[in-house]
Amino acid sequence: MGTSVFYLVAFLSIFFSLMVIFAKNPVHSVLYLIVTFFTFTVHYILLNAQFLAVVNFIVYMGAIMVLFLFVLMLLNLNKENEPLKSGLVKVVGIVAGCCLVVTLIGSLKATAVSDPLVLQNPNLGLVKNLGKELFGPFMLPFELSSILLLTAMVGAVLLTKKEKV
Amino acid sequence: MDISFVIEKFVLVAIIFGISLVIAMYSTYAERKVAAFLQDRLGPDRAGPFGILQPLADGLKMFMKEEIIPTHANKWLFMVGPGLAMLTACIGTAVIPWGSPITTAAGRIIPLQVTDINVGVLYIFGVVSLSVYGVMIGGWASNNKYSLLSAIRAASQNISYEVAMGLSIIALLLVTNTMSLKEIVEMQHGWHWNVLYQPLGFLLFIICAFAETNRAPFDLPECETELIGGYHTEYSSMKLGFYLFAEYINMFVSSAVMATLYFGGYNYPGMDWVLTQVGPVIAPLIGTAVLFAKIFAFIFFFMWVRWTIPRFRYDQLMHLGWKVLIPIAIANVIVTGIVIAIVEKF
């Protein structure tokens, strides 16, 4: 039961990720990306990580993707007749794609079937346990990453300010 | 998982869904009656006694209207928009405890809550943050400048007020120590309502709830003086009906959430005495009635505000959201944290 659900959701994740790339209209791409994030949420729930699932839901689907859509709608990029890329770009694209295929085949050849994943502590994903882990042993990295985010935010605000200061 | 469990939940879901739709339907009637009362008019009084059949007449009218999809609209997304608006409006009710569990004569305990997940508060928050997609997709797919502007306004308003709402919830969680709505309600037994411990948090939450449901004075996405009709300018027939309906369901759900988080849900002073008087089957139903009374009071408050306060200007909206509500919300979190630390120390 669990495995078949996993394979179904994994298939959907890959399918919708591919649709993100293949959709011609940027707004459609973003909408497919939202569905992809939703399948990730389902993955988290399957792993019993309820808190991560809901946070992924709120932050990625609810906030970041709304901003993506917001920017795309503001720029109104929904033109079907985008100018075609020049020949050189196409050649470069083909070469890069072939390199990726070779790498993928090489890595697939080297892989073996991994042991089934066993969760060491299935309740780790619940809010209380995760919070205790984050604010206990991982206190310093957690605070440092918060400072990093704050710095990035201040930088972004500074960049948008007019030359006044 | 036995079959009676499935039937129980299915019946509960069907009842809650039905109740949300009926309440949304009669909210349209109540809105017009409240508006009439506040403006010293009579309001709808032709269809049935006191105009009580007016929502049915309106619904029939919506169904009978011609269905128009603009030529250059994105057909699929144009249809997905209203559906998504309805979906996100309805799924929020899943985690709200509608009453204390009923113990039947056979000793079976029936919880009046569809599901009690341990991140219930965050689930509500996630559903709220998704609700903007219906408006955004519909507004964009209409291929109309006014609809697009409205969709963009809706998105920026939603994002801005979500931050303050999240911060006000954090202060509440500091008090309750749990994210399960069931436990939050049980904690407020009798008269220990959270609004007494978090009055400022409640004020912030209700302001943000007005903004998230696009109700006046925050109804900028459907500001007719600037945007013709807003995101649903191009919509007709029942698709328009869905958008209008979703707004009323959102209002019902956010009223239920506020009653649950801050006003004790189904708890009321003297409930223990009532329990000893009427027994364990009737008492939870009285609690449910009390919860609905609170919800109706909030819905009335929504309408009262709509017909009293004029709409904000767009820059005032952003100023209020980012420069007033968010600093107050952060201060509220800090003060709450300090007070809790001091209380625990002594």
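The rules behind each value
- Residues numbered from 1 in each chain as written.
- Chains lettered and ligands numbered in written order.
- Predicted model: local features only at pLDDT ≥ 70, side-chain atom pairs only at ≥ 80, totals over all residues.
- Heavy atoms only, no water.
- UniProt positions renumbered as here; feature names shortened; annotations may be inferred.
- Helix = DSSP H or I, 4+ residues; strand = E, 2+ residues; numbered from the N terminus.
- Rg over C-alpha atoms; globule rule 2.2 N^0.38 Å.
- Buried < 20%, exposed > 50% of the residue type's maximum accessible area, 1.4 Å probe, protein only.
- Contact = heavy atoms within 4.5 Å.
- Lys, Arg positive; Asp, Glu negative; His and termini not counted.
- Charge placed at Lys NZ, Arg CZ, Asp CG, Glu CD.
- Areas by Shrake-Rupley, 256 points an atom, 1.4 Å probe, with all protein chains shown as cover.
- Polar contact = N/O pair within 3.5 Å; in protein donor to acceptor, adjacent residues only side chain to side chain.
- Core = buried A, V, L, I, M, F, W, Y, C linked by side-chain atoms within 4.5 Å.
- Expected span 1.5 Å × (residues − 1).
- Buried area = accessible area lost by both parts, 1.4 Å probe.
- Salt bridge = Lys/Arg side-chain N within 4 Å of Asp/Glu carboxyl O.
- Nonpolar A, V, L, I, M, F, W, Y, C, P; charged D, E, K, R; others polar.
- Domains from an automatic or database assignment.
- 1 Å grid on protein atoms, 1.4 Å probe; cavity = no way out; pocket = protein on both sides within 12 Å on 5 of 7 lines; lining within 4 Å.
- Points joined across faces, edges and corners; volume = space filled by probe spheres on them.
- Phe/Tyr/Trp six-rings, centres within 6.5 Å; stacked < 30°, edge-to-face > 60°.

The name given to chain B in an unreviewed UniProt entry is NADH-quinone oxidoreductase subunit H, with the source organism recorded as Pedobacter cryoconitis. Listed in UniProt under the heading Sequence similarities (unreviewed entry), the comment for chain B reads: "Belongs to the complex I subunit 1 family." Under the UniProt heading Catalytic activity (unreviewed entry), the entry covering chain B gives this text: "a quinone + NADH + 5 H(+)(in) = a quinol + NAD(+) + 4 H(+)(out)".

Looking up chain A in an unreviewed UniProt entry gives the name NADH-quinone oxidoreductase subunit J, with the organism given as Pedobacter cryoconitis. UniProt's Sequence similarities (unreviewed entry) comment on chain A is quoted here verbatim: "Belongs to the complex I subunit 6 family." According to the UniProt record, the Subcellular location (unreviewed entry) comment for chain A is "Cell membrane".

This brings us to the overall build of chain B. Along chain B, the regular secondary structure elements total 13 helices and two strands. The C-alpha atoms of chain B give a radius of gyration of 21 Å, which matches the 20 Å a tight globule of 346 residues would have. Viewed in the frame of its principal axes, chain B has a C-alpha envelope of about 65 × 50 × 45 Å. Out of the 346 residues in chain B, the part that is buried amounts to 53%. For chain B, long-range pairs separated by at least 24 residues make up 79% of all intrachain contacts whose partners lie at least 6 apart in sequence. Side-chain charges in chain B split into 20 positive and 22 negative, and the spacing between the mean points of these groups amounts to 5 Å.

What chain A contains, in helices and strands, is six helices and zero strands. Expressed as a percentage of its 165 residues, the buried residues of chain A come to 21%. The long-range fraction of contacts in chain A, counting pairs at least 24 apart against all pairs at least 6 apart in sequence, stands at 56%. Accessible area of chain A: about 12,500 Å², with a carbon and sulfur share of 76%.

What follows covers the side chain of Gln 188 of chain B. Residues and elements named next belong to chain B. Within the fold, Gln 188 resides in the loop between α7 (181-187) and α8 (194-197). Of note is the side chain of Gln 188, whose polar atom sits 2.9 Å from the backbone nitrogen of Gly 264. Residues contacting Gln 188, with those up to four places away along its chain left out, are Trp 193, Asn 194, Thr 260, Leu 261, Tyr 262, Phe 263, Gly 264 and Asn 267.

Moving on, we come to the nonpolar core. Residues and elements named next belong to chain B. One finds Trp 98, Leu 261 and Ile 295 to be the most contacted residues of the largest nonpolar core, which totals 109 residues. Of the residues forming this core, the biggest block, 14 residues, is contributed by helix α11 (residues 237-261). Residue contacts for Trp 98: discarding those within four places in its chain leaves Ile 16, Thr 93, Leu 112, Phe 252, Ala 256, Tyr 266, Thr 288, Leu 291, Phe 292 and Ile 295.

The end-to-end C-alpha distance of helix α1 (residues 3-38) of chain B is 51 Å, a good match for the 52 Å that 36 residues give at a rise of 1.5 Å each. Backbone geometry just downstream of α1 of chain B places Asp 40 of chain B in the positive-phi region, at approximately 60°.

The UniProt record annotates "transmembrane region" (unreviewed entry) at residues 6-23, 30-47, 53-75, 87-108 and 138-159 of chain A. The straight-line gap between the two end C-alpha atoms of residues 53-75 of chain A is 31 Å; of that span, 100% is helix and 0% is strand.

Our next topic: the interface of chain A and chain B. If you look at the interface, chain A gives 24 residues, while chain B gives 25 residues. Together chain A and chain B conceal approximately 2,100 Å² of surface at their shared face, both sides included; 78% is due to carbon and sulfur atoms. For chain A, the biggest contributors to the area lost against chain B are Ile 58, Val 66 and Met 73 of chain A; these three give 27% of the whole. Here chain A and chain B share zero salt bridges between them. Joining chain A to chain B, the criterion identifies three residue pairs in polar contact (both at pLDDT 80 or more). Every element with two or more residues in the side of chain A that touches chain B is listed here: α2 (26-46) and α3 (50-75) of chain A. Per-element tally for the side of chain A that touches chain B: the top contributor is α3 of chain A, with 15 residues. Partitioning the side of chain A that touches chain B into residue classes produces 18 nonpolar, six polar and no charged.

Before going further, it helps to spend a moment on α11 of chain B. The end-to-end C-alpha separation of α11 of chain B is 36 Å, in line with the 36 Å expected for 25 residues at 1.5 Å each. Across the 25 residues that make up α11 of chain B, a large majority, 21, are buried.

Reports of interface size often rely on the accessible area that becomes lost once the parts have come together. Looking at the assigned domains, one finds that chain A contains domain 1 (1-77) and domain 2 (126-164). Once you take the C-alpha centre of each, domain 1 of chain A and domain 2 of chain A turn out to be 23 Å apart.

Before going further, it helps to spend a moment on empty space enclosed by the protein. Residue and element names in this part refer to chain B. What the rule picks out here adds up to two cavities of 30 Å³ or more. The volume enclosed by the largest cavity comes to roughly 240 Å³. Lining the largest cavity we find 20 residues, and of these Ile 124, Val 128, Asn 250, Val 253 and Ser 254 sit closest to its centre. Classifying every residue of the lining of the largest cavity by side-chain character gives 13 nonpolar, six polar and one charged. Considered as a void within the structure, the second largest cavity measures approximately 190 Å³ in volume.

As a further point, take the packing of aromatic side chains. The relative placement of two aromatic rings is captured by the distance of their centres and the angle of their planes. All names here are of chain B. Going through the model one piece at a time under the given rule, you end up with 28 aromatic pairs over all chains. Look at Phe 202 and Phe 263: their rings are 5.0 Å apart centre to centre, the planes differ by 70°, and that puts the pair in the edge-to-face class. Of this pair, Phe 202 sits in helix α9 (residues 199-212) while Phe 263 sits in the loop between α11 and α12 (271-306), placing them 61 residues apart in sequence. The exposure class assigned to Phe 202 is buried, which follows from its relative accessible area of 12%. Each member of the aromatic cluster is reached from another via a ring pair, and the members are Trp 193, Phe 202, Phe 205, Tyr 262, Phe 263 and Phe 298.

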